[in-house]
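Take a look at the letters that make up each chain.
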Amino acid sequence: MIDIESAYHLFDEFVSKYKNLGQKIDLKYYHTKRVAKECYNIAKSLNLDEEDIRICELIGILHDIGRFEQIKRYNTFLDLKSIDHAQLGIDILKENDFISKFVKDKKTQQLIFKAIYNHNKFAIEKNLSSRENLFCKIIRDADKIDIFRLFVIEDNVNLSKSSLSDNVYKVLLNRQLLDDNILKTNLDFYLRHFAMLYDLNFEYSKNIVKKEKIPDKIIDVSINYNPHEKNKLLQIKEKYYKGE
Ligand SMILES: [Fe+2]
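Thresholds, definitions, all that
- Residues numbered from 1 in each chain as written.
- Predicted model: local features only at pLDDT ≥ 70, side-chain atom pairs only at ≥ 80, totals over all residues.
- Helix = DSSP H or I, 4+ residues; strand = E, 2+ residues; numbered from the N terminus.
- Rg over C-alpha atoms; globule rule 2.2 N^0.38 Å.
- Buried ≥ 20, exposed ≤ 12 C-beta atoms within 10 Å, placed from the backbone.
- Contact = placed C-beta atoms within 7 Å.
- Axes fitted to C-alpha atoms, helices over the stretch in contact; angles between N-to-C directions.
- Parallel < 35°, antiparallel > 145°, perpendicular 65-115°, else oblique.
- Left-handed = near helix turned anticlockwise from the far one by under 90°.
- Core = buried A, V, L, I, M, F, W, Y, C linked by C-beta atoms within 7 Å.
- Domains from an automatic or database assignment.
- Nonpolar A, V, L, I, M, F, W, Y, C, P; charged D, E, K, R; others polar.
- Expected span 1.5 Å × (residues − 1).

**So, the overall build of the protein**
Line of reasoning, step 1. The helix and strand inventory of the protein stands at 13 helices and 0 strands.
Line of reasoning, step 2. Reading the helices (α) and strands (β) of the protein from amino to carboxyl end gives α-α-α-α-α-α-α-α-α-α-α-α-α.
Line of reasoning, step 3. Expected size for 244 residues packed as a compact globule is a radius of gyration near 18 Å; at 19 Å, the protein falls within 12% of this value.
Line of reasoning, step 4. Along the longest, intermediate and shortest principal axes, the C-alpha atoms of the protein span 60 × 40 × 30 Å.
Line of reasoning, step 5. Scored against the burial criterion, the 244 residues of the protein give a buried share of 34%.
Line of reasoning, step 6. Across the protein, every contact between residues at least 6 apart in sequence was considered, and the portion connecting residues at least 24 apart equals 62%.

So, in structure tokens, the structure goes:
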């Protein structure tokens, strides 16, 4: 059995080396803990066996391990301006021989690396085994749940004159994933978070989002939207709740 307590302990020890870098480190530290908990919850909801539940929780603990070094080297969380933090995390885990402290079996080690690698990609890579695919989906949902919970509308965002691009509108109505390449306006960028709702895989996650009214938090009626766009936004939101 994976010793989860000592995995948390090792994670704490690892992060303590970065503590002097300030608030951004704390953000990712607590994010990681919450995501690990949600990995556990999702795995439980799927009735996975005890060992698989622990593998999921371990993936949660390790998924953002690259974030700390990313901050140290580049002082940003923007992968595009720095480095793919998932790949960096895998490199760090390999250098420190971190995973073999908990998992001896090579296939499971590979499974953990695959899940970490895929947690931040636009879509999960093809040609994975169904088991690999399942663990990728779990960490992706757990990560998103926390991103949704943390979502706050930034004070400086002004959407009162911004329009929604036709393409983006169509993609959202069709409940598809939003590729960053088609984003043009401020409103398009803002709705990236909404599009992430369509990338949830499990009933557990979808229920949380509905219970916590995440769509209402993102498409918040009190925001001063461009009046020409408001109906479209409400329509998108309504469709989400209806599951159409
Ligand atoms: Fe991440």
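There is more to say after this.
**Thoughts on the packing of helix 3 (residues 50-62) against helix 6 (residues 106-118)**
When two helices pack together, their arrangement is given by the angle between the helix axes and by the axis-to-axis distance.
Line of reasoning, step 1. The N-to-C vectors of helix 3 and helix 6 enclose an angle of 50°; their axes lie 10 Å apart at closest approach. Taken together, the axes of helix 3 and helix 6 are oblique relative to one another. Helix 6 is crossed by helix 3, and the crossing has right-handed handedness. Residue-level inspection shows Ile55, Leu58, Ile59 and Leu62 of helix 3 in contact with helix 6, the latter providing Thr108, Ile112, Ala115 and Ile116.

**Focus: the nonpolar core**
Nonpolar side chains in soluble globular proteins tend to end up buried together.
Line of reasoning, step 1. Cys39, Cys56, Ile59, Ile112 and Phe135 are the most contacted members of the largest nonpolar core, which has 57 residues in total.
Line of reasoning, step 2. When residues of this core are sorted by domain, at least three fall in each of domain 1 (4-150) and domain 2 (166-242).

**Thoughts on the domain arrangement of the protein**
Line of reasoning, step 1. Splitting the protein by domain gives domain 1 (4-150) and domain 2 (166-242).
Line of reasoning, step 2. Put simply, the middle of domain 1 and the middle of domain 2, counted by C-alpha atoms, are 26 Å apart.
Line of reasoning, step 3. Contacts between domain 1 and domain 2 engage 12 residues on the former and 12 residues on the latter.
Line of reasoning, step 4. Secondary structure elements with two or more residues in the side of domain 1 that touches domain 2: helix 2 (23-45) and helix 7 (130-150).
Line of reasoning, step 5. The dominant element in the side of domain 1 that touches domain 2, judged by the number of residues it contributes, is helix 7, at 6 residues.
Line of reasoning, step 6. Looking at side-chain class alone, the side of domain 1 that touches domain 2 contains 6 nonpolar, 2 polar and 4 charged residues.

**Describing the packing of helix 1 (residues 4-16) against helix 3**
Line of reasoning, step 1. Two numbers describe how helix 1 lies on helix 3: the axes approach to 10 Å, and their chain directions differ by 5°. Considering the angle they form, helix 1 stands roughly parallel to helix 3. In this structure, helix 1 contributes Ile4, Ala7, Tyr8 and Phe11 to the contact, and helix 3 contributes Arg54, Glu57, Leu58 and Ile61.
Line of reasoning, step 2. When the residues that make up the contact of helix 1 with helix 3 are grouped by side-chain class, the tally is 6 nonpolar, no polar and 2 charged.

**A short note on unusual backbone geometry**
Line of reasoning, step 1. Not every positive phi belongs to a glycine, and Asp97 is a case in point at roughly 55°.
Line of reasoning, step 2. In this fold, Asp97 is placed in the loop between helix 5 (85-95) and helix 6.
Line of reasoning, step 3. The backbone of Lys213 shows a phi angle near 50°, a positive value even though the residue is not glycine.
Line of reasoning, step 4. Note on placement: Lys213 falls in the loop between helix 11 (203-211) and helix 12 (214-218).
Line of reasoning, step 5. Of the residues examined, Lys213 has 11 C-beta atoms within 10 Å and is grouped as exposed.

**Focus: helix 6**
An α-helical turn contains 3.6 residues, so a residue and the one three or four places further along point in the same direction.
Line of reasoning, step 1. Its 13 residues give helix 6 an end-to-end C-alpha distance of 18 Å, which sits within 8% of 18 Å, the value for a rise of 1.5 Å per residue.
Line of reasoning, step 2. Three or more residues of helix 6 are buried, namely Leu111, Ile112, Phe113, Lys114, Ala115, Ile116 and Asn118.

**With respect to the environment of Lys170**
Line of reasoning, step 1. Summarising the element assignment, Lys170 is placed in helix 8 (residues 166-173).
Line of reasoning, step 2. Between the C-alpha atom of Lys170 and that of Ile236, which follows or precedes it by 66 residues, the distance is 9.7 Å.

**Focus: the environment of Ser205**
Line of reasoning, step 1. Turning to its location among the elements, Ser205 is positioned in helix 11.
Line of reasoning, step 2. Once residues lying within four places of it in the same chain are set aside, the contact partners of Ser205 are Ile42, Asp141, Ile145 and Leu200.

**Concerning the environment of Asp179**
Line of reasoning, step 1. Mapped onto the elements of the fold, Asp179 is located in the loop between helix 8 and helix 9 (186-190).
Line of reasoning, step 2. A C-alpha to C-alpha distance of 9.9 Å links Asp179 and Ala123, two positions 56 residues apart in sequence.

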